[in-house]
Amino acid sequence: MAFFLGEFETTIDAKHRLAIGSIFRDQVVPEVDGESWVLVVGPDKHLRLYPNLVYQKMVASRKPSVFPTPEERTLSLMLAMARPLKSDSQGRVVLPEKSLERAEISEKVTLVGMNERIEIWPTEAWERYVKESLPSYGQMLYEAGAKLHAGE
């Protein structure tokens, strides 16, 4: 299964094409992860890009209900706003204009590896987040390490 790490600065061109860097493309195993992508708007209004089979497995893992539930309503909105994308021969995808508008994304972006997904951040927002987080980064690592050791 794909395991995305790192960051990659790039631009979205005038035709809304986004190049997915080889740092991320090389992590995808087509037989396991799929050969296309699913684009969704995340809770923080950044775009999230999942390999299509990974996304399908996540959605399929939800238990269906005979009766309407708030979770079902949320899922219906999430699925409605999701967009299937195919890469061209150069590893680019075309981002739908509506998704770009909803996420308030413009030309300069940073692709951020987040385990099973790639997040698409406006570069300025990503750099601001990193700068604000760095002072407490060491403490976050200590806390994550303590949680890992507690689970052993």
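This text follows the structure it describes.
Residues numbered from 1 in each chain as written. Predicted model: local features only at pLDDT ≥ 70, side-chain atom pairs only at ≥ 80, totals over all residues. Heavy atoms only, no water.

### Remarks on helix H6 (residues 123-150)
When the local axis directions of H6 are compared, the greatest deviation, roughly 60°, occurs at Pro135. Looking only at H6, the buried set comprises Thr123, Ala125, Trp126 and Ser133. Contacts from the buried residues of H6 go to strand S1 (7-11), strand S7 (108-114) and strand S8 (117-122). (Bend = angle between axes of the 7 residues up to and from the residue. Helix = DSSP H or I, 4+ residues; strand = E, 2+ residues; numbered from the N terminus. Buried < 20%, exposed > 50% of the residue type's maximum accessible area, 1.4 Å probe, protein only. Contact = heavy atoms within 4.5 Å.)

### Some remarks on the nonpolar core
The biggest cluster of nonpolar side chains holds 21 residues, and the ones touching the most others in it are Leu18, Trp37, Leu95, Ile105, Ile118 and Ile120. Counting eight residues, the second-largest nonpolar core is a separate cluster that includes Val54, Tyr55, Leu75 and Ala82. (Core = buried A, V, L, I, M, F, W, Y, C linked by side-chain atoms within 4.5 Å.)

### Looking at the environment of Phe8
With respect to the helices and strands, Phe8 occurs in strand S1. Here Phe8 is in contact with Ala19, Gly21, Ile23, Phe24, Val109, Thr110 and Leu111, once residues within four sequence places are set aside.

### Some remarks on the sheet that holds strand S3 (residues 37-41)
Read from one edge of the open sheet, six strands run S1-S7-S8-S4-S3-S5, paired in antiparallel fashion. Of all strands in the sheet, those with a lone pairing partner are S1 and strand S5 (83-85), marking the two edges. Averaged over all pairs of adjacent strands, the angle between strand axes in this sheet comes to 30°, irrespective of strand direction. Sheet analysis places S7 next to S8, joined by six bridges and oriented antiparallel. In the sheet register, Met114 faces S8, and the bridge partner there is Arg117. In the packing of helix H3 (residues 52-60) onto the sheet, the strands contacted are S3 and strand S4 (47-51), and the crossing angle to S4 comes to about 100°. On the sheet, H6 packs against S1, S7 and S8 and is oriented at approximately 100° with respect to S8. (Pairing = 2+ DSSP bridges. Axes fitted to C-alpha atoms, helices over the stretch in contact; angles between N-to-C directions.)

These figures capture arrangement, not role.
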